Amino acid sequence: MNEEQRSILLQSSSRFPPPKGTKLSYGTAGFRADASILQSTVFRIGILAALRSLKTGGAVIGLMITASHNKVSDNGIKVADPSGGMLTQDWEPFADSIANAPDPESLVKLITDFAKKENIPLDGAKAAATVLLGRDTRPSGESLLEAANKGICCVVGAVAIDMGIVTTPELHWMVRARNKGLKATELHYFDQLSTSFRCLIDLIPEKSRDNHHPIGKLVVDCSNGVGGEKLQVLKEKLNAFLHLEIRNSGNSGILNEGVGADYVQKEKVAPQGFFGHSDVGIRCASLDGDADRFVYFTLTSNGDNKINLVDGDKILSLFALFIKQQLSILNEDVGVGVVQTAYANGASTKYLNDLGLKVVFTPTGVKYLHGKAEEYDIGIYFEANGHGTVLFSDHLLSWLDGIKNEPCSGLEKQNAAKRLLAVANLMNQAVGDALSGLLLVEAILQHMGWSVDKWNELYHDLPSRQLKVKVADRSAVVTTNAETSVEKPPGLQEAITALTAKYPQGRCFVRPSGTEDVVRVYAEAKTQEEADELADSVAKIVQQFLG
Ligand code: G16
């Protein structure tokens, strides 16, 4: 590193001292904490993003200021790699160490050593780095984005481009598109989504179109977050094909408070603004705060806020079924892989296995699922919380393209190929995306002529319960086997196993959250009462072990 670069880094970082007495760590999807202590972290991750761009020969990197499903006073930062996916895991230890460097000198030393080890040109000689910045609607977003901008700009040759308020998947999509040399504005994003959706609707066979009843309106809870404004754009573009009603768009109401996909999926109740008497039976969906996850639900007829939840597992099952149907028309053996986590309801895994699909498991976090799904010609991954997408290999896309353009294949096969190509265009290839996922669900329901209830009948969930336990130090819990087993503290797994054995069809695991300061407990059993009881007793055991 030359003197000029060194002195810029020292000077700028002295304006962003780290919070005292707090150790920050790169979690499931980057850093998250109370927004008031994050200025120095985002400044430093700005530097990291510029270094990552230099390391990858000037490829565009993305920085998204968001804490997604967390409460409005929190914020955080997610990093998009050149592929549009999450930051390579090799760089997470460096992110951790610079976030916690106590002073400018030690920060600059860490950067110098890392740049040397990684062979990153930090001498300012014709180096060029580009970082796209985006943020969600949190009030703290603007000043944190400015801090990230300062971090980027103190690397000589680096430029930051502010994309404004965007969903997390939009920013990841833009990074991917730019690095592929494609058109990458927000306008292009919406065009791609709406065109591929319309293509799927146009390809609904005439015969089944005649037999179908209109499937009615979809009401979407936007978590009082960024999704509301963006879904409005799609609503205007797709008015003729989709009857959308947008609620909790953020004009009033607090982000993620009693609303949003995380709340609906974990609490299994309707979000605010949905009512047991007027909304019963209507197809509803819920996005999370940065619109990278979604779930569906209907209100039950009890007049209260109880719901029938249609979660990420069922979204995955619907997508898998549709894709399998198209592949059977093509009559070709294509490598399809399904990726789930330990949170996947046992009934969903059984359903997918019965469809003849290979199901593999990874730890929680899109960074793990996405990587696994990339190993297949078609990789479908979803977490039960509604985070996921469908990935297509380049090889398969060119094969499908060939069939589409080959009249000898026959119309049916050509149409099946066109549908799969439209799915590949619609589904965000960089990361889970609530808006594109929602459109695929709607297109498939129209294609099948299915109501949400019919979809929900694909299989019956085993009753389950999720709880959060506040402990002194959640990092004391260390898990293994895709988070299904506890390694540390000693004795905890044996206690969980003994409790679980008391319940028929019982299954239970615990893991430290990587986005909230809690240990999560998941329990499944034959009845809801038993699932609740098992989750409660395991939560108590966790308290006993960890205080
Ligand atoms: C992030 C990750 C998801 C993960 C979720 C919860 O989502 O991208 O893969 O499921 O956190 O993680 P944890 O259980 O470790 O708290 P989001 O939507 O909050 O960015």
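Every residue gets a number counted from 1 within its own chain, in the order that chain's sequence is written. At least 70 in pLDDT is required for a residue's local features to be given in this predicted model, at least 80 for side-chain atom pairs to be given and counted, and no such filter applies to totals for whole chains, interfaces and linings, which use all residues. Side-chain measures were taken over the full set of non-hydrogen atoms in the model, leaving aside hydrogen atoms and water.

In the annotation of an unreviewed UniProt entry, the entry for the protein chain reads Phosphoacetylglucosamine mutase, and the organism field reads Lactuca sativa. UniProt positions are given in the numbering used here, feature names are shortened, and annotations may be inferred rather than shown by experiment. Quoted straight from UniProt, the Function (unreviewed entry) entry for the protein chain says "Interconverts GlcNAc-6-P and GlcNAc-1-P." Quoted verbatim from the Catalytic activity (unreviewed entry) field of UniProt, the annotation for the protein chain is "N-acetyl-alpha-D-glucosamine 1-phosphate = N-acetyl-D-glucosamine 6-phosphate".

Draft legend 1. The domain arrangement of the protein chain, seen in detail. Each assigned domain of the protein chain is listed here: domain 1 (3-165) and domain 2 (464-546). Taking only C-alpha atoms into account, the centre of domain 1 sits 34 Å from that of domain 2. On the side of domain 2, five residues touch domain 1, which itself brings five residues to the contact. When two parts are put together, the accessible area they lose, computed with a 1.4 Å probe and summed over both, is reported as buried area. Taking both sides of the interface into account, the surface hidden between domain 1 and domain 2 amounts to around 380 Å²; carbon and sulfur atoms contribute 41%. Ranking the residues of domain 1 by area buried against domain 2 places Thr28, Arg32 and His69 at the top, with a combined share of 72%. Only one rule defines a salt bridge in this text: a Lys or Arg side-chain nitrogen within 4 Å of an Asp or Glu carboxyl oxygen. Summed over the shared surface of domain 1 and domain 2, the number is zero salt bridges. Pairs of N or O atoms are called polar contacts if they sit within 3.5 Å, as long as, within protein, a hydrogen donor faces a hydrogen acceptor (for residues adjacent in sequence, only side-chain-to-side-chain pairs). Our enumeration of links across domain 1 and domain 2 arrives at three residue pairs in polar contact (both at pLDDT 80 or more). Residues are sorted three ways: Asp, Glu, Lys and Arg are charged, Ala, Val, Leu, Ile, Met, Phe, Trp, Tyr, Cys and Pro are nonpolar, and all the rest, Gly among them, are polar. Of the residues assigned to the side of domain 1 that touches domain 2, the class counts are no nonpolar, four polar and one charged. Domain boundaries shown here were taken from an automatic or database domain assignment. We call two residues in contact whenever any of their non-hydrogen atoms come within 4.5 Å of each other.

Draft legend 2. Broad picture of helix 9 (residues 227-238). Strands here are runs of E lasting at least two residues and helices are runs of H or I lasting at least four, both read from the DSSP assignment and numbered beginning at the N terminus. In this scheme, a helix's expected span is set at 1.5 Å multiplied by one less than its residue total. Spanning 12 residues, helix 9 covers 16 Å between terminal C-alpha atoms, matching the ideal 16 Å at 1.5 Å per step. With a 1.4 Å probe rolled over the protein chains alone, any residue whose accessible area is under 20% of its type maximum counts as buried; one over 50% counts as exposed, and the rest are partly exposed. Among all positions of helix 9, only Gly227, Gly228, Lys230, Leu231, Leu234 and Leu238 are buried. For helix 9, the angular spread of buried residues about the axis comes to 160°, placing them on one side. The arc under discussion is defined with respect to the helix axis, by the directions toward the C-beta atoms.

Draft legend 3. Molecular detail of the pattern of salt bridges. For the structure shown, the criterion picks out 30 salt bridges. In this structure, Glu92 and Lys367 form a salt bridge, with 3.1 Å as the shortest nitrogen-oxygen distance. One end of the pair, Glu92, is in helix 3 (residues 92-99); the other, Lys367, is in helix 13 (residues 366-373), with 275 residues separating them in the sequence. Exposure class is identical for Glu92 and Lys367. Each is buried. Here Arg474 makes a salt bridge to Asp517, at a shortest N to O gap of 3.2 Å. One end of the pair, Arg474, is in the loop between strand 15 (464-469) and strand 16 (478-480); the other, Asp517, is in the loop between strand 18 (507-512) and strand 19 (519-524), with 43 residues separating them in the sequence. Residue classification places Arg474 among the partly exposed positions, given a relative accessible area of 23%. Judged by relative accessible area, Asp517 falls into the partly exposed class, the value being 39%. The network of salt bridges with shared partners includes Lys217, Glu245, Arg247 and Asp279.

Draft legend 4. Here's a closer look at the site of the ligand. Here a residue is near a molecule or strand as soon as one of its heavy atoms is found within 4 Å of it. Surveying the vicinity of the ligand reveals 20 residues, the closest of which are Thr28, His69, Glu383, Ser513 and Thr515. Side-chain polar atom of Arg511 to an oxygen atom of the ligand: 2.7 Å apart, as the coordinates give it. Accessible surface area values rest on a Shrake-Rupley calculation with a 1.4 Å probe, where residue burial reflects the displayed protein chains alone. For the ligand, whose accessible area on its own is 460 Å², the fraction buried by protein is 98%. In terms of residue class, the shell around the ligand is made up of two nonpolar, 10 polar and eight charged. Inspection of the shell around the ligand shows a minimum of three residues originating in each of domain 1 (3-165) and domain 2 (464-546).

Draft legend 5. Focus on the side chain of Thr130. Relative to the assigned elements, Thr130 resides in strand 4 (residues 129-135). Beyond its immediate sequence surroundings of up to four residues, Thr130 is in contact with Ser53, Ala59, Val60, Ile61, Val159 and Ile161.

Draft legend 6. Representation of the environment of Phe94 in the model. Following the sequence through the fold, Phe94 ends up in helix 3. Taking the C-alpha atoms as reference, Phe94 lies 9.9 Å from Ile45; in sequence the two are 49 residues apart. Here Phe94 is in contact with Leu48, Leu51, Leu110, Ile111 and Phe114, once residues within four sequence places are set aside.

Draft legend 7. View of the pairing of strand 3 (residues 74-80). Counted residue by residue, strand 3 has seven buried out of seven residues, so it is predominantly covered. The alternating pattern of strand 3 places Asp74, Gly76, Lys78 and Ala80 on one face and Asn75, Ile77 and Val79 on the opposite face, and all of these are buried. For two strands to be treated as a pair, DSSP must find no fewer than two bridges joining them. Relative to strand 3, strand 1 (residues 31-34) is paired through four bridges, and the arrangement is antiparallel. For Arg32, the partnering residue across the bridge sits in strand 3 and is Gly76.

Draft legend 8. Geometry of the UniProt feature "domain: Alpha-D-phosphohexomutase C-terminal" (unreviewed entry) in the protein chain. Mapped onto this numbering, the UniProt entry annotates "domain: Alpha-D-phosphohexomutase C-terminal" (unreviewed entry) at residues 481-540. Here residues 481-540 runs as 37% helix and 27% strand, with 23 Å between its end C-alpha atoms.

Draft legend 9. The arrangement of the UniProt feature "binding site: Mg(2+)" (unreviewed entry) in the protein chain in detail. Here the UniProt-annotated "binding site: Mg(2+)" (unreviewed entry) positions come out as Ser68, Asp288, Asp290 and Asp292. In three dimensions, the annotated residues from a span of 225 residues occupy one location, with a maximal C-alpha spread of 8.1 Å. By the secondary structure assignment, Asp288 is in the loop between strand 8 (283-287) and strand 9 (294-299). Those residues in contact with Asp288 that sit more than four places away from it in its chain are Ser68, His69, Ser223, Ala261 and Arg293. One polar contact links Asp288 to Ser68, side chain to side chain, over a distance of 2.9 Å. In this structure, Asp292 sits in the loop between strand 8 and strand 9. Not counting residues within four places of it along the chain, the set of residues in contact with Asp292 comprises Ser68, Lys78, Thr168, Pro169, Gly386, His387, Gly432, Asp433 and Ala434.

Draft legend 10. Inspection of unusual backbone geometry at higher detail. In this model, Lys488 is joined to Pro489 through a cis peptide bond whose omega is 0°. Turning to its location among the elements, Pro489 is positioned in the loop between strand 17 (485-488) and helix 18 (492-500). At Ala291, a residue that is not glycine, the phi angle is positive and equals roughly 60°. Relative to the helices and strands, Ala291 resides in the loop between strand 8 and strand 9. By relative accessible area, Ala291 is classed as buried at 0%.

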